[in-house]
Amino acid sequence: MSAQPEHGWEAMPLPEIRTVDDLRGALSRYGFPGGRERFEEEPAAAIGASPTDDFAAAAAVVRV
C-alpha cells in the first residue's frame, strides 16, 4: 500500500481564461483575498486617467 497525502488535496485544474468575466471568476475562486477587488480598481483607475481615445493603460492592466 502506498502512502497517501495527509491533506487530501489534489492539484486543481487551471481555469480557461478567455474573457474579463472568466478572469473575474478565476480571481474569485482561486485568487488571494482582495484580488478581485484590486483587479476591478486598477482598470477603473487606468481608464479614468486615460484620454478618451487611448485605452493603452487599461489594456496594460489586463495584460499583466
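Everything here concerns the structure above.
What counts and what doesn't
Residues numbered from 1 in each chain as written. Predicted model: local features only at pLDDT ≥ 70, side-chain atom pairs only at ≥ 80, totals over all residues. Heavy atoms only, no water. Helix = DSSP H or I, 4+ residues; strand = E, 2+ residues; numbered from the N terminus. Buried < 20%, exposed > 50% of the residue type's maximum accessible area, 1.4 Å probe, protein only. Axes fitted to C-alpha atoms, helices over the stretch in contact; angles between N-to-C directions. Contact = heavy atoms within 4.5 Å. Nonpolar A, V, L, I, M, F, W, Y, C, P; charged D, E, K, R; others polar.

(A) View of the overall build of the chain. Looking only at helices and strands, the chain features three helices and zero strands. Sequence-ordered secondary structure for the chain, helices as α and strands as β, is α-α-α. Residues counted as buried form 11% of the 64 residues belonging to the chain.

(B) Structural detail: the packing of helix α1 (residues 20-30) against helix α2 (residues 35-49). Relative to each other, α1 and α2 sit at 145°, their axes nearing to 8 Å. Mapping the contact onto sequence places V20, L23, R24, L27 and S28 in α1 and G35, R36, F39 and E40 in α2. Here the residues of the contact of α1 with α2 are counted per class, giving four nonpolar, two polar and three charged.

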